[in-house]
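Structure assessment
Read off the chains here:
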2 protein chains.
Amino acid sequence: MAESALDRATQLLARLPGLGPRSAKRAILQLLKRRDSLMLPLAEALAAAAREIRTCETCGNLDVRNPCAICLDRARNSSALCVVTEVADLWALERAAAFRGRYHVLGGTLSALDGRGPEEIGLTALIARAEREPLSEVILALPGTLDGQITGHYIAERLASLSKEVDVTRLAQGIPLGGEITYLDDGTLTAAFRARRPAL
Amino acid sequence: MAESALDRATQLLARLPGLGPRSAKRAILQLLKRRDSLMLPLAEALAAAAREIRTCETCGNLDVRNPCAICLDRARNSSALCVVTEVADLWALERAAAFRGRYHVLGGTLSALDGRGPEEIGLTALIARAEREPLSEVILALPGTLDGQITGHYIAERLASLSKEVDVTRLAQGIPLGGEITYLDDGTLTAAFRARRPAL
């Protein structure tokens, strides 16, 4: 059987989210079939990304630049700040082209269970940034979990005590596009019901 | 947003079986969080594997050596040859420790639709090997698909016309271990029924 580099590569691949030991083996076999077109380019791109990608010190985004392209983009609305808990969430909002302001990436949600307090998730930096920048609105795009709600509530309270007035909003809750009522959980249905709006 | 190496790495990762564009993004974010413990080692292991791993010219296995460790292992039974269509199948049988003979990896199954004939999947080499080596049994461990059955039938016929006598067997078909009757397809059930054996 195979050894050394092959086993190492398989074991490391298996640690990626979405892959397990078996799919990592399948992936390695695919890669070995396409060494020059896929395997070596992937190895090089991973090494290059590991070297080049930085965390933006302003917003927490990942980019080849620091500050990142979004923070540097003068065409974006600098008075609206969207708070997310993961870089992946920022990318999702960008993919949807849902927002043309700037972002702030927290290090997760507050969590009593996992021992993440305001300091651990970088809330002090967010409050300082809100104090410093000419913001008119902070949009909380936080996960719909209990921890996400507690985090949103906490941020809203802290922002309410700023020396200036800032609107704090959160993303609407409701039925997802194409979502079928039967399959939705009770919490979503209740939230969608409470937030019902005129149909015309 | 991110650029260059990051996008390239994401796009290449998304081409792996089991990953799509979204899970590739999640994987890249995980990797960037663990650059030194995961991302750079993975890049190095992939590059090393691409350089070091060879195809065994005797059996078609992938290994750092050619001939591979299995072909070189004198403790293995050299009179039994197990024919598979994928290196992944060889690895699965080795994982199960189901067999202690040697292997022959074909380049897939015969397929009229995909235009794979005996030459394309390396059957001539298999027949030549069977002629040359002191084999007493050839075990066909081929996929349970129609193409797999046709391929098995074809190989059995070719081996029957060798200048010497070789037993040609195939893996038993039946209910998988832990398989629930309700969820099995008709073909498996029929095969399991036909191949029924005394219960004691």
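The notes below deal with the structure included here. Treat the numbers as computed from the prediction; the structure is a model and nothing was measured. (Residues numbered from 1 in each chain as written. Chains lettered and ligands numbered in written order. Predicted model: local features only at pLDDT ≥ 70, side-chain atom pairs only at ≥ 80, totals over all residues. Heavy atoms only, no water.)

**With respect to the relation of the copies chain A and chain B**
Stated formally: The least-squares superposition of copies is restricted to C-alpha atoms, and to residues with a pLDDT of at least 70 in both copies. Residue contacts are counted whenever heavy atoms from the two residues lie within 4.5 Å of one another.
After a rotation of 180° and a shift along the axis of 0.1 Å, chain A superposes on chain B with an RMSD of 0.1 Å. Viewed as a symmetry operation, the transformation between the two copies matches a two-fold axis. Scanning chain A for the C-alpha nearest the rotation axis identifies A43 of chain A, at a separation of 2.1 Å. A share of 100% of interface residues in chain A that are also interface residues in chain B marks the association as one of identical surfaces.

**A closer look at the interface of chain A and chain B**
Here is the rule: As used here, buried area is the combined drop in accessible area, with a 1.4 Å probe, of two parts when they are placed together. What counts as a salt bridge is simple: a side-chain nitrogen of Lys or Arg found within 4 Å of a carboxyl oxygen of Asp or Glu. The secondary structure listing takes helices from DSSP runs of H or I that are at least 4 residues long and strands from runs of E that are at least 2 residues long, numbered from the N terminus. All amino acids are sorted into three groups, where Ala, Val, Leu, Ile, Met, Phe, Trp, Tyr, Cys and Pro are nonpolar, Asp, Glu, Lys and Arg are charged, and the leftover types, Gly among them, are polar.
Counting residues at the interface gives 57 residues for chain A, matched by 57 residues for chain B. Of the roughly 5100 Å² buried between chain A and chain B on both sides combined, carbon and sulfur atoms contribute 70%. Counting across the chain A and chain B interface gives two salt bridges. The residue K33 of chain A makes a salt bridge to E86 of chain B at a minimum N-O spacing of 3.5 Å. Looking at the side of chain A that touches chain B, the elements that each hand over two or more residues are helix 1 (4-13), helix 2 (21-33), helix 3 (35-52), strand 2 (62-63), helix 4 (69-72) and helix 5 (87-95) of chain A. Across the side of chain A that touches chain B, the residue classes tally to 36 nonpolar, five polar and 16 charged.

**Some points on the sheet that holds strand 6 (residues 167-170) of chain B**
Residue and element names in this part refer to chain B. Operational definition: One requirement defines pairing of two strands: DSSP has to find at least two bridges between them. Note on geometry: axes are lines fitted to C-alpha atoms, helical ones only across the stretch in contact, with angles between N-to-C directions running from 0 to 180 degrees.
Across the sheet, which stays open at both edges, the four strands sit in the order 4-3-5-6 with parallel pairing between neighbours. Pairing within the sheet leaves two strands with one partner each, and these edge strands are strand 4 (102-105) and strand 6. Across the sheet, the mean angle from the axis of one strand to that of its neighbour is 25°, orientation sign disregarded. As defined by bridge partners, strand 3 (residues 80-84) adjoins strand 4 across four bridges and the pair is classed as parallel. The residue bridging L81 from the neighbouring strand is R102, located in strand 4. Helix-sheet contacts for helix 6 (residues 123-132) involve strand 3 and strand 4, and the interaxial angle to strand 4 is about 155°.

**Overview of the sheet that holds strand 3 (residues 80-84) of chain A**
Residue and element names in this part refer to chain A. Taken in spatial order, the four strands of this open sheet run 4-3-5-6, and their pairing is parallel. Each edge of the open sheet is held by one strand with a lone partner, namely strand 4 (102-105) and strand 6 (167-170). Across the sheet, the axes of successive neighbouring strands diverge by a mean angle of 25°, strand direction being ignored. Set on the sheet, helix 5 makes contact with strand 3 and strand 4; between it and strand 4 the angle comes to about 160°. Its contacts with the sheet put helix 7 (residues 146-160) on strand 3, strand 5 (137-140) and strand 6, and the angle it makes with strand 5 is roughly 170°.

**Here we look at the packing of aromatic side chains**
All names here are of chain A. Rules: Two rings from Phe, Tyr or Trp (for Trp, the six-membered ring) form a pair when their centres sit within 6.5 Å of each other. Planes less than 30 degrees apart are called stacked, planes more than 60 degrees apart edge-to-face, and all others tilted. Each residue gets one of three labels from its accessible area relative to the maximum for its type: buried under 20%, exposed over 50%, partly exposed in between, using a 1.4 Å probe on protein chains only.
Evaluation of the coordinates by the stated rule reveals two aromatic pairs over all chains. Taking 5.3 Å as the distance between ring centres and 75° as the angle between the ring planes, the aromatic pair formed by F99 and Y103 counts as edge-to-face. You'll find F99 and Y103 in the same group, each marked buried.

**A few points about the pairing of strand 5 (residues 137-140) of chain B**
Residue and element names in this part refer to chain B. Threshold: By convention, orient the strands away from the viewer: a clockwise path from the first strand over the helix to the second makes the crossover right-handed.
Relative to strand 5, strand 3 runs parallel, the two being bridged by four bridges. Each bridged residue has a counterpart across the sheet, and for C82 the counterpart in strand 5 is I139. Alignment of strand 5 against strand 6, held across four bridges, turns out to be parallel. Within strand 6, the residue paired with I139 across the bridge is T169. Between the parallel elements strand 5 and strand 6, the chain passes through helix 7 (residues 146-160) in a crossover that is right-handed.

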